[in-house]
Amino acid sequence: MCIADQPRNVSSTPSKKPRNVSPANTPSHSDKNHPVLFGSLTAPPGVKILNFSPGPTCLAESVEEEIKDLFKKDTLNSMYLSHRSPEFVSILKNTVELSRKAMAIPDNYEILFTHGGGHGQFAAVPMNLCRTKSEKATYLVNGTWSKRAAMEAAKYCTPTIISSENDDGTFTSNPSFDNIDPGSKYIYCCSNETVNGIELHRLPKGLHAPLVIDASSDFGTKPVEWEASNVGILYACASKNIGHPGITMTVIRKDLLDNASDICPGVLCYKTNILSDNLWNTIPTFNVEVVGIVMKWMLAMGGVNQMEEWSIIKSKMIYGVVDNSNGFYGTPLSDLNIRSRMNVPFCVADGDEDLTTEFLVQAWEIGIVGLRTLTPFGVGKYLRASLYNGVSVDKANILRDFMQEFALKNAHRLR
Ligand SMILES: *Cc1c(COP(=O)(O)O)cnc(C)c1O
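Note that the coordinates shown come from a computational prediction; the quantities given were computed from them, not determined experimentally.

Rules of the game
Residues numbered from 1 in each chain as written. Predicted model: local features only at pLDDT ≥ 70, side-chain atom pairs only at ≥ 80, totals over all residues. Heavy atoms only, no water. Salt bridge = Lys/Arg side-chain N within 4 Å of Asp/Glu carboxyl O. Helix = DSSP H or I, 4+ residues; strand = E, 2+ residues; numbered from the N terminus. Buried < 20%, exposed > 50% of the residue type's maximum accessible area, 1.4 Å probe, protein only. Phe/Tyr/Trp six-rings, centres within 6.5 Å; stacked < 30°, edge-to-face > 60°. Near = heavy atom within 4 Å. Polar contact = N/O pair within 3.5 Å; in protein donor to acceptor, adjacent residues only side chain to side chain. Areas by Shrake-Rupley, 256 points an atom, 1.4 Å probe, with all protein chains shown as cover. Nonpolar A, V, L, I, M, F, W, Y, C, P; charged D, E, K, R; others polar. Pairing = 2+ DSSP bridges.

Time to look at the pattern of salt bridges. Evaluation of the coordinates by the stated rule reveals 22 salt bridges. Linking Glu61 and Lys48 is a salt bridge whose minimum nitrogen-to-oxygen distance equals 2.9 Å. Pair noted here: Glu61 is in helix H2 (residues 61-69) and Lys48 is in the loop between helix H1 (2-5) and strand S1 (50-51), with a separation of 13 residues, a long-range link. Look at Glu61 and you get partly exposed, because its relative accessible area is 44%. When its relative accessible area of 52% is taken as the criterion, Lys48 is described as exposed.

This is the structure we're talking about:
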């Protein structure tokens, strides 16, 4: 069903196949077949990679170092440990405790680690909160992922969709949280729309039904007011801010555990997994350890408030260049209140193909990759700089400087 999800204003993927880069055939600036134009993430030989991918992506350098060190120890690491061994049970307990501490998760919430990614939760949420398909939920759709979640939910419940989609298939605003169907079992929203670059910097408060949040791309980057926002469920696939692909963290308020549909598969059923201490089946053991290392790092750096401060600084840097470029760079998002701190979409010279190609290739020459990635939603005119917790302020600075210089050098070519 990917076709149905496709925004209508994107051009198709470039048709020519990328070729391999080797020192012998390092491409020229205007090379239309350059691998970086096709989403390649390999930097030139000997150049350090600066990864601005939307995810999966790199974690903080010291975190990646600690992960590598796990393989240098004499003891088994979680890659090889039985999930029921006392060694792994203690790793799991540690990751849960650090996550609770780092994100101030109250005791009336359970924390689960599961397979299936964000998409698994698109299905798990309605199956855990609606007993029958006729039970209702409200989906606030502000971008690609919440739209997909609503389509998936329609298989298992009856969603009312309140969408801010424009006629041309783009998203440039958030829908209103007023006028929510009072019969809703839950209210669903995505706190950061990764593809569209739209963020709820704070969750709404005072809603009558529990809030379900897809925080896949912003969890760990700002505080969550669990009680005040009536958070029922919050989930995050790990591969943006809190780990590597293959694991999803789901936080579930305990009073919601008795509403699952009979058709809910065991691997997606919150209660089944909680009653077995998150060991109903084999969980992604190594990834659990990685999430623990990330949470420990966050706490050591000053916690989630520090992460938020850095996120604000980094996104302001990149948006600052865009806004002060006299139209050299553009953004679809004029409303400052909704601009994501995680994902900054921008175009070069209104999408001019030659200048965009030169921009990407010259960025690649200094190691900057991930600004154009291939998505199921096509290649549009916008590039995207993703500024997750793993991207340091220094790295964002390098991108900012490059963008500024490129605009200065090429401003005269703006049509
Ligand atoms: C990346 C992402 C997803 C996709 O999750 P998978 O792990 O690929 O299933 C879902 N929602 C948001 C907000 C995302 O950023």
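And the narrative resumes.
Another aspect to go through is the packing of aromatic side chains. Tallying each qualifying case throughout the model produces 13 aromatic pairs. When the centroid spacing of 5.6 Å and the interplanar angle of 55° are considered together, the rings of Phe71 and Phe286 count as tilted. Here Phe71, found in the loop between H2 and helix H3 (86-102), pairs with Phe286, found in helix H7 (residues 285-301); they are 215 residues apart in sequence, far enough to count as distant. Relative accessible area serves as the criterion here: at 14%, Phe286 is assigned to the buried category. Plain terms: the ring middles of Phe328 and Tyr329 are 5.0 Å apart, the flat faces sit at 90° to each other, and that makes the pair edge-to-face. Classification of Phe328 as buried rests on a relative accessible area of 1%. Among the residues examined, Tyr329 registers a relative accessible area of 3% and is labelled buried. Members of the aromatic cluster, connected to one another through ring pairs, are Phe328, Tyr329, Phe346, Phe359, Phe402 and Phe406.

Another point: the site of the ligand. Close to the ligand lie 13 residues; Gly118, His119, Thr194, Asp214 and Lys240 are nearest. One of the backbone nitrogen or oxygen atoms of Gly118 is found 3.0 Å away from an oxygen atom of the ligand. At 2.4 Å, a side-chain N or O of Thr194 approaches an oxygen atom of the ligand. Protein coverage of the free-state accessible area of the ligand, which is 390 Å², stands at 82%. Among the residues forming the shell around the ligand, the class breakdown is four nonpolar, seven polar and two charged.

With that out of the way, let us pick up the pairing of strand S12 (residues 343-348). Consecutive side chains along a regular strand alternate between the two faces of the sheet. Among the six residues in S12, six count as buried, and that is most of the element. The alternating pattern of S12 places Asn343, Pro345 and Cys347 and Val344, Phe346 and Val348 on opposite faces, both of which are buried. In this sheet, S12 lies alongside strand S11 (residues 329-330) in antiparallel orientation, the contact comprising two bridges. For Tyr329, the partnering residue across the bridge sits in S12 and is Val348. Examined bridge by bridge, S12 and strand S14 (residues 383-386) share four bridges and lie antiparallel to one another. Among the inter-strand pairings, Phe346 is bridged to a residue of S14, identified as Leu383.

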